[in-house]
Amino acid sequence: MPTLGAIADDFTGATDLATMLVARGFRTVVAVGPDALETSPSGTDHPALADADAVVVALKSRTAPVEEAVGLSLRALGGLRALGCTRFYFKYCSTFDSTPRGNIGPVTDALLDALGADRTVVVPSFPATGRTVYRGRLFVHDDLLDESPMRHHPLTPMRDSRVDRLLEPQTGRPVSRIGLETVRAGEDTLRAALDDPARAGALTVVDAVDDRDLAVIAGATGELPLVTGAAGLAVGLVGPHPGEARARPASRPGDPGVVLAGSASAATRAQVAHALGRLPHRRLDPAALRTDFDATVTGLTGFVRDCWRTDPGRPPLIYTVAAPEDVEARTPDGAEPAAALVERALARCAAALVDAGARRLLVAGGETSGAVVTALRARTLGIGAPIAPGVAWATTEASPTGRPVTLDLALKSGNFGGTDIFTQAWEQLV
Ligand code: ADP
């Protein structure tokens, strides 16, 4: 039965935390939205939520309206409690992605209220990815947050680096800070500082510069019903199945596989370029989709099926962007924007290919992954072998046409992974 329940404010954040929890010895299942915490229409949930040590609910709430984010998070909390979870973790981005209204503050307030809990910690630090907090200031590698590229983020521009100042306008609770010297004085000192009556009801931003600091924070907050932070905070947790928490793959070597790359990010472009000389491939062209959507998708899926027959050892690659000029700069008048069109097409390809026998899918792109998971009607992902930081294989039961199929799925945020990930990821599926 799961005891640790996490609520993540976006999809790739959920898999990031889940991968970390598996490494820390928690058998971990990601539930796709609060609905997935209820029994599926076919009466099964696979992988089974009840067998997990930790369940991470993946929401799409980071930039949703505040009321919607709070509502989704509270539904997730209710579902996690019903499964038996007793400790909770609200996971947000290590760059504290939020607006002056939320959603980190309002969701934290609502979760504390629902749990009847008095106070919690705010720990965005994730040293392995260069995010550290010192004197309450959030750094991205060598830069303060508001001097990093996050200053110009289209949805959540971060124009301050003081985490307490970012949080204050988002919460009805007092916000306090605890400095590195208290963390470095050890668990007991930090616990005493957090228990200080002066911090009643507060959200406390805690400094952390390296993984040992995060371990101290995890130790000192073991009794709090709720902690909040980035995936880094999980570095300090210890689960009940060290060394044996990975879900076993559902597919076998040689089973049909495919790479679907819908991301245009620099890392994915390099991965596509690397794979072009090594894997059979076809480019998905937005203009062709506009001319005849169905025929284009059928052509691509037919190509993949031919490859499975003629060249079974190499999973084909369907991609949209190999060079920056492949990104459609301007939508023709009255036409559907390329981004939505491509997401729809790759989702349709995924569903058709799983129906045709695909048992291993590697998907590149955060939004693309969301579209594929929705099309496959995958409700829960049992996290298995890691592929790269923040990327892991997961077993899932998909039912794109109503018939349940068990398969292995890897969802990669555009910028994650090494150059050879499209050819190397399969070797972890053993
Ligand atoms: P990332 O994780 O790199 O941000 P996403 O999948 O989240 O990747 O976002 C990439 C977006 O770019 C998707 O909406 C995808 O449909 C869109 N896209 C892919 N190819 C093209 C293209 N040729 N022109 C315009 N948009 C594209």
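Whatever comes next refers back to the structure up there.
Residues numbered from 1 in each chain as written. Predicted model: local features only at pLDDT ≥ 70, side-chain atom pairs only at ≥ 80, totals over all residues. Heavy atoms only, no water.

**A short note on helix 8 (residues 266–276)**
Among the residues of helix 8, A267, T268, Q271, V272, H274 and A275 are the ones counted as buried. Considered in projection along helix 8, the buried side chains sweep an arc of 160° and stay on one side of the axis. Among the structural elements, strand 12 (257–261), strand 14 (317–319), strand 15 (360–364), strand 18 (405–412) and helix 13 (421–424) are those in contact with the buried residues of helix 8. (Buried < 20%, exposed > 50% of the residue type's maximum accessible area, 1.4 Å probe, protein only. Helix = DSSP H or I, 4+ residues; strand = E, 2+ residues; numbered from the N terminus. Arc of directions from axis to C-beta. Contact = heavy atoms within 4.5 Å.)

**Notes on the nonpolar core**
Formed by 76 residues in total, the largest nonpolar core has its most connected members in L21, V56, Y89, L190, L361, L376 and L409. Of all the elements, helix 11 (residues 338–355) adds the most residues to this core, at eight residues. Among the domains, domain 1 (4–236) and domain 2 (257–428) are the pair contributing at least three residues each to this core. Aside from chain neighbours lying at most four places away, what touches L409 is L361, V363, V373, L376, L381, A392, W393, A394 and T396. Counting residues in hydrophobic clusters, the runner-up holds 43 residues, among them A36, A110, V140 and L203. (Core = buried A, V, L, I, M, F, W, Y, C linked by side-chain atoms within 4.5 Å. Domains from an automatic or database assignment.)

**A word on empty space enclosed by the protein**
Empty space among the atoms becomes apparent when a probe as large as a water molecule is rolled across them. One pass over the full model with this rule turns up one cavity of 30 Å³ or more. Size it by volume and the largest cavity reaches roughly 50 Å³. Contributing to the lining of the largest cavity are T15, L381, I383, V391, A392, A394, L409, A410 and L411. Those elements that place two or more of their residues in the lining of the largest cavity are strand 16 (380–388), strand 17 (391–398) and strand 18. Residue classes in the lining of the largest cavity are distributed as eight nonpolar, one polar and no charged. (1 Å grid on protein atoms, 1.4 Å probe; cavity = no way out; pocket = protein on both sides within 12 Å on 5 of 7 lines; lining within 4 Å. Points joined across faces, edges and corners; volume = space filled by probe spheres on them. Nonpolar A, V, L, I, M, F, W, Y, C, P; charged D, E, K, R; others polar.)

**Observations regarding the site of the ligand**
S263, A339, E343, E367 and T368 are the nearest of the 19 residues found near the ligand. D326 is positioned with one of its backbone polar atoms (N or O) 2.9 Å from a nitrogen atom of the ligand. For the ligand, an oxygen atom lies 2.7 Å from a polar atom in the backbone of E367. Elements represented by at least two residues in the shell around the ligand include exactly helix 11 and helix 12 (366–376). By residue class, the composition of the shell around the ligand is six nonpolar, nine polar and four charged. (Near = heavy atom within 4 Å. Polar contact = N/O pair within 3.5 Å; in protein donor to acceptor, adjacent residues only side chain to side chain.)

Read these as layout, nothing more, since geometry by itself doesn't imply function.
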